[in-house]
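# A structural walkthrough
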Amino acid sequence: MNVAIDVGYRHFDGALLYSNEDQVGKAIQEKIADGTLRREDIYYCGKLWSTYHPPEMVRRAIEKSLKLLKFDYIDLYIIEMPLAFKPGDVIYPKDEDGKFLYHPSDLCATWEALEVCKDAGLVKSIGVSNFNRRQLEQILNKPGLKYKPAVNQVECHPYFIQLKLKEFCDSHGIVIVGYSPLGTCRDSTWVNTKIPALLDDPVLNAVAAKYKKTSAQVALRYQVQRNIVVIPKSFTPERIKQNFEIFDFSLTDEEMKMISALNRNERYVELLMWSDHPEYPFNDEY
Ligand code: A2P
């Protein structure tokens, strides 16, 4: 966090699920205390985990995060997945046979609870993540909708460019935040490693060589130029720095097209362990 703040990052993508909101909050408070930052300089995204979907639990979940972060408000708060699990503080509720315990989803009811929390000032903006078009439409078409989702955070990178979902979101003023913008890691317990590693791609590397950049920087620059917000992750200070150095070059239209042509329409993060959930989002075309 300290390295990232010093380099210039101000947008931080977090979640109660990541079990580090206390550390994230502490790092930010320290930077505020030493005069580097004001709270309003930071844009923090938090997430509603799947065991807190019932409307009466939403405020409590936000308050949990606020307490850990020691924040008065969260900038952006999103429904982490459209999949509701058995409500409670057990993050991955399972039966004795190890089968996940699901809960009927009522995305509109959860959304209304988020609207109330926004009106109460606990969160400034609200959005969703891993929603497909049908699930977005459920919210958008809800009678009495007060706020549209500000963002839909989904996997997005040159091998999965989300053309149709992007077009749909653009037409509704919903910003796409692209997770795994570098093609995530190669941990086969949750990553589809049948897809080659994005950063080894010859086209990305050829374009990178032209600008004396890396394939990671080209992948990030590509998204920024198509108005997709990127949230690259790294534990390595040198890479954290590198991933920020993408504002001193631009890709030509031709290069943007070449990179778009790399699209394979396959995800690294399929969430297959929840594919039997009635709201599993990735069976639809988009
Ligand atoms: P590490 O944390 O060891 O630096 P994504 O953001 O798509 O989920 O990708 C995260 C993965 O990409 C992490 O494994 C991270 O490794 C690696 N990574 C982050 N930045 C770079 C970079 N500039 N070059 C190569 N790999 C990177």
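The present account deals with the structure reproduced in this document. These numbers were taken from a predicted model, which means no experiment stands behind them.

Around the ligand sit 16 residues in total, of which L182, S234, F235, T236 and Q242 are the nearest. Between the ligand and the protein, one listed contact pairs an oxygen atom with a backbone N or O atom of L182 at 2.8 Å. Look at the ligand: alone it shows 570 Å² of surface, and the protein chains cover 81% of it. Within the shell around the ligand, the residues separate by chemical class into 7 nonpolar, 7 polar and 2 charged.

Attention now goes to the sheet that holds strand 4 (residues 123–129). Spatial strand order, 1-2-3-4-5-6-7: 7 strands in an open sheet with parallel pairing. The sheet is open, and its two borders are formed by strand 1 (11–13) and strand 7 (229–230), each paired with just one other strand. The pairing of strand 3 (residues 74–79) with strand 4 spans 5 bridges and is classified as parallel. Across the sheet, the residue bridging to I78 is G127, located in strand 4. Seen against the sheet, helix 3 (residues 55–69) touches strand 2 (43–48), strand 3 and strand 4 and runs at an angle of roughly 135° to strand 3.

On to the pattern of salt bridges, then. Side chains that carry opposite charge are capable of pairing whenever their charged atoms lie near each other. Throughout the structure, instances matching the rule amount to 20 salt bridges. For the salt bridge of K142 with E112, the shortest nitrogen-to-oxygen distance reads 2.6 Å. On the criterion of sequence distance, the pair formed by K142 in the loop between helix 5 (133–140) and strand 5 (151–155) and E112 in helix 4 (residues 107–119) is long-range, its members being 30 residues apart. Accessibility expressed as a relative area gives 38% for E112, which makes it partly exposed. For K164, the salt bridge goes to E285, with nearest N and O atoms at 2.5 Å. Residue K164 is located in helix 6 (residues 163–171), and its partner E285 is located in the segment after helix 10 (253–260); the two are separated by 121 residues in the primary sequence. On the basis of relative accessibility, which here comes to 43%, the residue K164 falls in the partly exposed class.

Quick notes on the rules
- Residues numbered from 1 in each chain as written.
- Predicted model: local features only at pLDDT ≥ 70, side-chain atom pairs only at ≥ 80, totals over all residues.
- Heavy atoms only, no water.
- Near = heavy atom within 4 Å.
- Polar contact = N/O pair within 3.5 Å; in protein donor to acceptor, adjacent residues only side chain to side chain.
- Areas by Shrake-Rupley, 256 points an atom, 1.4 Å probe, with all protein chains shown as cover.
- Nonpolar A, V, L, I, M, F, W, Y, C, P; charged D, E, K, R; others polar.
- Pairing = 2+ DSSP bridges.
- Helix = DSSP H or I, 4+ residues; strand = E, 2+ residues; numbered from the N terminus.
- Contact = heavy atoms within 4.5 Å.
- Axes fitted to C-alpha atoms, helices over the stretch in contact; angles between N-to-C directions.
- Salt bridge = Lys/Arg side-chain N within 4 Å of Asp/Glu carboxyl O.
- Buried < 20%, exposed > 50% of the residue type's maximum accessible area, 1.4 Å probe, protein only.

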